[in-house]
Each structure stands twice: as C-alpha cells, then as structure tokens.
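As a plain string of letters, each chain reads:
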Amino acid sequence: MGANTSQVSDLSDNPSLKALVGTESISENDPFWNQLISFTFISPTSSGDSKLLEEAVIPLAKTLIENNPRTGNFGALVRIFLGRTKELKISTECQDQLFIWQAHNALFMIRCLLKVFIREMSEEELHLQFSYQERAPGFCGGSEDLLEELLSNLVHLIVEVPLLDITYSILFEAVTTLLVFFSYQLFHKDILRDGIIYQHIMKGRCLCLTSRLVKTLLYNFIRQEKCPPATHIFEPKAEGGLLYGLASGVASGLWSVFTLGGAGSKAGIDQEHNPLPLSNQSLLLLLVLANLTDGPDWPNPYRQAITCFRNTQDTSSLPVEQPHTFQINFNSLYTALCEQQRSDQATLLLYTLLHQNANMRTYMLSRTDMDNLVLPILEILYHVEERNSHHVYMALIILLILTEDDAFNRSIHEVILKNISWYTERSLTEISLGSLLILVVIHHCCYLHTNCLAALANMSAQFRCLHQYAAQRIISLFALLSKKHNKVLEQATQSLRGRQGDNTALPDYAQDLNVIEEVIRMMLEIINSCLCNSLHHNPNLVYALLYKRELFEQFRTHPSFQDIMQNLDTVIGFFSQRLEQAGSDLSVERVQEVIMKGAQALPKDRLKKFPELKFKYVEEDQPEDFFIPYVWSLVFNSGVGLHWSPHGIELFSMDSG
C-alpha cells in the first residue's frame with residue numbers, strides 16, 4: 001500500500017462507512033448504497049497490506065455487530081450485492097463494467113466484515129446477523145434464508161460468470177469469500193463435522209452445482225491466469241459517463257486506488273510473489289471442500305466429484321452412473337500439475353488425484369513424459385531442509401503410490417536425463433530417471449522413513465542398469481544401518497557392564513535393535529529382490545556388493561537374516577571366484593567385464609525365491625485429523641489477500657502452520 005497506508009488507517013473516520021455501521025437503518029432504496037459501493041479499492045494481495053486492512057476494518061465491524069440487530073444494515077448490504085449480481089452475466093456479455101465493478105465492491109465489503117464476524121461470534125450468531133435485515137425500513141424481500149442465499153449466489157457466480165479481464169476480480173472475491181465462510185475451522189481445535197454453513201454447502205441449494213463448482217475450480221487452477229492490469233479492472237470512460245462520475249465523486253473521500261497485486265503494490269513485489277491469485281485461491285477452496293468430513297448418512301459430494309471425474313476424450317459409457325461426475329481435459333490438468341509442484345497445495349492436489357481418482361491415476365501412469373511430474377517431486381525431497389514436513393511427507397506418498405505400478409517402475413529406467421542442476425552432491429551428466437529416484441529416496445532414507453524403503457522395495461524387482469552412484473548409495477545405506485546396529489549393540493554391552501549385572505534400569509536397547517534390524521532386513525530384501533529378478537541388468541550393483549562384501553559378514557549367522565543372506569552369499573561367492581580366476585590387479589573395466597559375463601552364466605535356480613516385495617499406501621483411520629489442519633495451514637500461510645492474527649488459532653500450532 002505504500003503511501004496510501006494512512007488513508008487505510010483512517011477508514012474508521014469515513015462518513016459513508018460510519019453511516020453503514022452506525023445506529024440508523026438505511027433503506028435499500030437509498031442512493032447511499034450506490035455511493036458506498038462506487039469506489040476503486042480492490043483487495044490487496046500481500047500479507048502486510050492485508051494486515052493493515054484487517055486492523056482498519058475490525059473497529060468498524062465490531063460497531064456493526066453492536067448496531068446491526070437494530071439497523072439490519074448488514075443484511076441490506078448483502079441484498080444490494082445480490083441485486084447487482086442478477087445483472088452480472090448480462091453485464092459480462094455486454095462488456096458493461098458498471099455492475100461488475102459495483103458487485104465486486106459490495107462483495108469485498110461483505111467479505112471484510114464477515115472475516116471479523118466469524119472470529120467474533122458463533123455460526124448461530126452469524127446467522128442472526130443475516131436475519132436482522134428484516135427490520136430495516138424499505139425492506140420488501142421474502143422470508144428466505146439470506147445466509148443460504150448468499151452462499152448459493154457465490155457458487156452460481158463462480159460457475160456461471162466467464163473468466164475475463166473484467167470479471168477476474170469479482171471471481172477472485174467470490175472464491176475468497178467462500179474460503180472466509182469456512183474459516184470457522186481455524187478457531188476450533190476439534191474437526192468441525194456439522195454446522196449451518198456446512199449444511200448449506202453439503203446439502204442445500206449448492207448441492208446440484210457440486211460438479212460444476214469442482215470443475216470450475218480445477219479449470220481456474222489449470223488456466224493459471226495472471227491478474228489483469230488495473231486498466232482492465234476499472235477504466236474511466238473518456239466522455240465522463242456514469243462510471244467515471246461515480247468513481248470521481250467518491251474515490252478521494254473513500255478509499256484510494258489499489259489493484260489486485262498490480263499497480264497499487266510495491267513495484268512488482270506482490271505480482272512476483274503471487275502472480276496467480278485466482279488460481280491459488282481456487283485450489284485452496286477446492287482442497288477445503290474436498291476435505292470436508294462426510295455426514296452421518298451422506299458422503300462429501302465434493303470428494304465424490306474429485307474421485308470420479310473423467311477425461312474429455314473418454315467416450316465410454318459408465319456401467320453405473322456416478323454422482324457428481326464430469327469430464328475435464330486430463331492433458332491440461334497434468335501439465336498444470338507438473339508446472340506447479342513447488343507449492344504445497346499443488347502437491348496435495350496431485351496426491352488427492354493419484355490416491356482417489358482411478359481415471360486420473362491411470363492416465364498419469366500412461367504418460368510417456370512422467371519425468372515432467374517426477375522430477376519436481378524429487379527436487380522437493382532433495383531440498384528437504386527448505387520444505388515443511390507435511391510437504392515432504394506428501395511427496396514421499398506420491399512416489400510410493402507411483403511405485404505400486406510395475407510399468408512405472410520399468411519405464412523410469414528408460415528415461416535418460418542430462419545435467420540435473422539441482423542435484424549438487426555429484427555431477428550427474430547423464431542418468432536414468434529410475435537411478436535418480438533411487439539416489440534421492442536414499443538421500444532421504446537417512447531419516448529412516450519407512451515410506452522411502454517401501455518405495456525402494458516396490459521398485460527393486462524392476463531395477464535396470466543402475467547408475468554406479470545409485471548402486472553405491474544402496475550399499476552405503478546398508479553400511480550406515482550396519483554401523484548403527486553395531487553402535488547400539490556396543491552401548492547395550494557397556495551399559496550392562498557398568499551396572500555390574502543390575503539391569504533393572506537398563507535402557508530399552510532391545511527396542512532400538514529391533515527397529516534397526518527390521519530396516520536392515522528390508523534393505524537385504526531389496527538387494528535380494530534386485531539380484532533375483534534383474535541380476536544381468538545391474539552389474540554396477542554387483543560391483544558395489546563385491547567392493548563392500550565385508551559389510552555382510554556379521555549378518556551371515558544372525559538368526560534374523562540367515563535365510564535372506566543365502567542368496568547374497570551365493571552371488572558374492574560366485575563372482576568372487578570368477579574374479580580370482582581372471583587374475584590379480586584387474587582394472588575396473590576388466591572387473592565389470594567379468595561381472596557382465598558372470599551374470600549371464602549364473603544359473604537362476606541357484607537363488608532362492610522369496611515373496612515379491614510389494615507395499616501399498618493406505619490412508620490412516622480418520623485421515624481428516626491430518627489433512628484438515630494441513631489444508632487450513634496452507635490457507636493461513638498462502639491465502640492471497642487474507643491475514644489472520646495467530647492469536648486465537650486453535651486448529652494447529654503456529655510453528656506447524
């Protein structure tokens with residue numbers, strides 16, 4: 001806001017706003033309303049600007065809360081907005097900016113007031129604030145529920161008004177207002193499973209628009225439309241017509257000109273930080289809707305829509321009609337997902353689609369350019385210190401879901417990459433996508449994350465032509481585990497000696513050993529799976545295994561590993577004998593040649609078969625306990641033009657949000 005900050009802080013002294021929140025009822029027919037909503041202030045996008053606006057609105061909203069039961073002015077403002085939106089679609093078709101401009105301004109004011117109301121009162125009390133409009137003079141409406149009317153109107157607006165330069169701001173405002181309506185969840189530690197707003201969105205008049213709303217929000221995300229320049233949002237007519245006259249009459253007396261991430265912001269900073277406000281906000285609203293809990297006897301319709309939508313190119317008929325299904329361009333959606341994975345919310349959408357929509361999962365796995373999707377996920381995992389734990393967790397789960405598919409596990413070894421600039425540990429001038437995936441997952445395995453090992457296990461039977469670094473990393477991880485195992489054993493032994501036989505207070509080293517031994521067992525199974533299924537494709541792994549053969553000595557007679565060690569002993573013994581026969585002082589190239597020929601000669605029946613390693617991702621019971629706080633932490637941190645004070649936030653701790 002820069003130089004205009006002082007004017008924002010002076011909002012409480014503005015005569016028009018003082019009248020709105022004051023003690024006198026204002027008829028809906030009063031010219032006052034026309035003047036009130038004819039300003040050129042358009043919502044800020046930066047957190048700092050939003051905070052200043054919020055601080056300026058709070059005292060006004062609190063005054064209105066006190067006076068609205070007697071004046072009904074808030075309900076009147078809502079009705080003024082509803083009246084303007086009746087002409088919105090026609091105004092858009094005629095390129096008539098007046099109704100769009102005034103409707104946007106009215107909705108912006110409603111959203112700012114609602115945000116404070118929701119923090120200050122319960123849903124029941126909020127509902128009353130809408131009902132008080134019936135006491136206002138000049139009221140001529142029916143007895144419909146004005147809160148439901150507004151919610152329904154917002155959904156209609158989003159799905160029916162086309163996205164153009166002149167409608168961008170009001171569509172953004174409609175999406176943002178719906179987000180604000182759901183923000184009650186922020187102020188409750190427990191997951192909200194019912195309520196007035198919940199009922200209206202899940203079962204009311206909005207229900208029939210479920211598929212259209214989900215589709216529109218997805219297309220907003222797909223289109224990635226940048227905010228139009230301010231001149232497209234508000235253009236004074238050269239001849240000084242009605243639009244210009246209204247604006248010039250109040251602009252200096254009400255709020256100065258700001259634009260949605262445009263000219264009113266500090267030179268380009270907001271635009272660079274969040275150049276896609278509608279796309280971002282639509283994705284956040286979609287995630288909020290998708291993660292609403294099921295009702296006692298009805299499923300979440302928005303999750304149903306996300307679960308069953310199909311490709312526009314899919315012409316097959318459904319055996320059973322699915323509720324809220326629709327079709328969307330999968331290619332466009334896939335491209336947007338590939339381009340946007342740096343954000344938590346895009347990664348969460350990718351997870352949601354992979355896990356819940358079988359049509360989209362099948363389509364993604366059929367793509368021949370999976371590297372466009374997988375590489376951004378690997379970059380998230382590689383730079384783990386720059387990401388929050390939830391983002392990293394979702395990226396890992398995505399890899400685990402992908403590796404459940406054998407065709408994926410084969411195809412990633414056929415994609416050759418060159419010069420991966422973000423991988424800085426070594427210079428990778430050429431490497432397969434499969435080997436890079438292994439390198440990055442093992443890099444993350446230092447945290448002993450079971451999902452990493454599960455993904456490696458799923459891939460192990462399909463390991464093909466592993467890069468030497470990937471093969472070395474597999475053995476290095478085993479070496480690290482072996483070292484940890486020996487350290488715990490040593491600590492347990494020293495502790496026992498120090499206590500001179502009194503082990504009543506001995507730390508539970510047995511539990512630590514069990515965990516490490518389970519992981520060691522899994523790593524041995526991964527190596528064994530590769531050797532049994534694709535030995536001849538992986539000379540680099542055999543080379544690394546032989547180079548570090550002493551690591552495996554101590555586990556040969558260990559009761560937990562004896563069975564799985566038989567195959568490793570067979571391979572190590574077979575190739576060691578071959579190398580001895582080839583002579584001494586062998587070059588690296590000669591060793592690799594011996595291994596390549598030996599791999600063809602080793603009879604497969606000499607290796608004992610073990611059950612196939614396959615791990616499948618399954619959501620925890622009551623997944624909403626994880627996902628709802630996570631989604632709202634994204635809204636809290638990434639919502640464009642939305643600022644909440646951290647005081648009073650109950651859903652998540654601020655360090656995790």
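Cut-offs applied
- Residues numbered from 1 in each chain as written.
- Predicted model: local features only at pLDDT ≥ 70, side-chain atom pairs only at ≥ 80, totals over all residues.
- Heavy atoms only, no water.
- UniProt positions renumbered as here; feature names shortened; annotations may be inferred.
- 1 Å grid on protein atoms, 1.4 Å probe; cavity = no way out; pocket = protein on both sides within 12 Å on 5 of 7 lines; lining within 4 Å.
- Points joined across faces, edges and corners; volume = space filled by probe spheres on them.
- Helix = DSSP H or I, 4+ residues; strand = E, 2+ residues; numbered from the N terminus.
- Nonpolar A, V, L, I, M, F, W, Y, C, P; charged D, E, K, R; others polar.
- Axes fitted to C-alpha atoms, helices over the stretch in contact; angles between N-to-C directions.
- Parallel < 35°, antiparallel > 145°, perpendicular 65-115°, else oblique.
- Left-handed = near helix turned anticlockwise from the far one by under 90°.
- Contact = heavy atoms within 4.5 Å.
- Salt bridge = Lys/Arg side-chain N within 4 Å of Asp/Glu carboxyl O.
- Buried < 20%, exposed > 50% of the residue type's maximum accessible area, 1.4 Å probe, protein only.
- Core = buried A, V, L, I, M, F, W, Y, C linked by side-chain atoms within 4.5 Å.
- pLDDT = per-residue confidence, 0-100.
- Lys, Arg positive; Asp, Glu negative; His and termini not counted.
- Polar contact = N/O pair within 3.5 Å; in protein donor to acceptor, adjacent residues only side chain to side chain.
- Phe/Tyr/Trp six-rings, centres within 6.5 Å; stacked < 30°, edge-to-face > 60°.
- Lys NZ or Arg CZ within 6 Å of the ring centre and 35° of its normal.

- Identification of the protein chain as Dymeclin from Stegastes partitus is taken from an unreviewed UniProt entry.
- UniProt, in the comment section headed Sequence similarities (unreviewed entry), describes the protein chain in these words: "Belongs to the dymeclin family."

## What to know about empty space enclosed by the protein
One way to see where empty space is left: roll a probe the size of a water molecule over the atoms.
Moving on, step 1. Counted under the stated rule, the structure contains five cavities of 30 Å³ or more.
Moving on, step 2. Roughly 220 Å³ of volume is contained in the largest cavity.
Moving on, step 3. In terms of lining, the largest cavity is formed by 16 residues, of which the most central are F182, Q185, L192, Y198 and L292.
Moving on, step 4. Contributions of two or more residues to the lining of the largest cavity are made by helix 10 (168-182), helix 11 (196-203) and helix 31 (624-638).
Moving on, step 5. The dominant element in the lining of the largest cavity, judged by the number of residues it contributes, is helix 31, at three residues.
Moving on, step 6. For the lining of the largest cavity, the residue count by class is 11 nonpolar, three polar and two charged.

## Topic: the packing of helix 7 (residues 97-120) against helix 10
Moving on, step 1. Closest axis-to-axis distance for the helix 7/helix 10 pair is 9 Å, and the angle between their directions is 20 degrees. By the angle between their directions, the pair helix 7 and helix 10 is classed as roughly parallel. Here helix 7 runs over helix 10; the crossing is left-handed. Only S169, I170, F172, E173, A174, T176, T177, V180 and F181 of helix 10 make contact with helix 7, whose side of the interface consists of I100, A103, H104, L107, F108, R111, L114, K115 and I118.
Moving on, step 2. Residue composition of the contact of helix 7 with helix 10, grouped by class: 11 nonpolar, four polar and three charged.

## Describing the packing of helix 25 (residues 450-460) against helix 27 (residues 509-534)
Moving on, step 1. Two numbers describe how helix 25 lies on helix 27: the axes approach to 8 Å, and their chain directions differ by 20 degrees. What the angle tells us is that helix 25 and helix 27 run roughly parallel. For the element pair helix 25 and helix 27, the recorded crossing hand is left-handed. Along its contact with helix 25, which presents L453, A454, L456, A457 and S460, the element helix 27 presents V519, M522, M523, I526, S529, C530 and S534.
Moving on, step 2. Among the residues making up the contact of helix 25 with helix 27, the classes are represented as nine nonpolar, three polar and no charged.

## A word on the pattern of salt bridges
Moving on, step 1. Within this structure, the stated rule accounts for 21 salt bridges.
Moving on, step 2. One salt bridge connects R111 with E173, and the closest N-O pair in it is separated by 2.5 Å. Of the two residues, R111 sits in helix 7 while E173 sits in helix 10, which places them 62 residues apart along the sequence.
Moving on, step 3. The exposure class of R111 is buried, given its relative accessible area of 3%.

## Quick look at the environment of V57
Moving on, step 1. Relative to the helices and strands, V57 is located in helix 4 (residues 47-71).
Moving on, step 2. Between the C-alpha atoms of V57 and C112, which are 55 residues apart in sequence, the distance is 7.0 Å.
Moving on, step 3. The residues touching V57, leaving out its near neighbours within four places in the chain, are C112, L113 and V116.

## Considerations on the nonpolar core
Moving on, step 1. Ranked by internal contacts, the top residues of the largest apolar core, which has 222 residues, are L436 and F552.
Moving on, step 2. Apart from residues lying up to four places away in sequence, L436 is in contact with L375, L378, L417, I420, W422, Y423, L428 and I431.

## Focus: the confidence of the model for the protein chain
Moving on, step 1. When the pLDDT values of the protein chain are averaged, the result is 86; 87% of them are 70 or greater.
Moving on, step 2. Of the regions scoring below 50 in pLDDT, residues 1-6 engages in 11 contacts with residues more than four places distant in sequence or in other chains.
Moving on, step 3. Across residues 231-272 the pLDDT falls below 50, and counting only partners more than four positions away or on other chains, this stretch makes 83 contacts in the model.

## A short note on unusual backbone geometry
Both trends apply: most residues other than glycine have a negative phi, and most peptide bonds are in trans.
Moving on, step 1. Positive phi, close to 50 degrees, is recorded for N419, a residue that is not glycine.
Moving on, step 2. Tracing the backbone through its elements, the reader meets N419 in the loop between strand 3 (416-417) and strand 4 (431-432).
Moving on, step 3. Exposure remark for N419: the relative accessible area of 55% places this residue in the exposed category.
Moving on, step 4. Positive phi, close to 45 degrees, is recorded for C465, a residue that is not glycine.
Moving on, step 5. Mapping C465 onto the fold places it in the loop between helix 25 and helix 26 (468-498).
Moving on, step 6. Given a relative accessible area of 56%, C465 falls into the exposed group.

## Brief notes about the side chain of E517
Moving on, step 1. Relative to the helices and strands, E517 is located in helix 27.
Moving on, step 2. There is no salt bridge for the buried E517, and the closest opposite charge comes from R521, which lies 10 Å off by N-O distance.
Moving on, step 3. Side chain to side chain, E517 and H485 meet in a polar contact 3.0 Å long.

## Section: the environment of K608
Moving on, step 1. For K608, the position within the fold is in the loop between helix 30 (588-601) and helix 31.
Moving on, step 2. Classification of K608 by relative accessible area gives partly exposed; the value is 40%.
Moving on, step 3. C-alpha separation for the pair K608 and D563, spaced 45 residues apart in sequence, amounts to 8.9 Å.
Moving on, step 4. Those residues in contact with K608, other than ones at most four positions away along the chain, are C532, D563, Q566 and N567.

## A look at the packing of aromatic side chains
Moving on, step 1. All chains considered together, the criterion is met by 22 aromatic pairs.
Moving on, step 2. Ring geometry for Y351 and Y617: centres 5.8 Å apart, planes at 80 degrees, overall edge-to-face. Within this pair, whereas Y351 is found in helix 19 (residues 344-356), its partner Y617 is found in the loop between helix 30 and helix 31, the two being separated by 266 residues in sequence.
Moving on, step 3. With a relative accessible area of 1%, Y351 lands in the buried category.
Moving on, step 4. For Y617, a relative accessible area of 10% puts it in the buried group.
Moving on, step 5. Relative to W644, the ring of F636 has its centre 6.5 Å away and its plane inclined at 20 degrees; by these criteria the two rings are stacked. Accessibility assignment for this pair places F636 and W644 in one class, buried.
Moving on, step 6. Through a chain of ring-to-ring contacts, the aromatic side chains of Y351, Y393, Y617, F626, F627 and Y630 assemble into a single cluster.
Moving on, step 7. The ring of W298 carries the charged tip of K203 above its face, separated from the ring centre by 4.0 Å.

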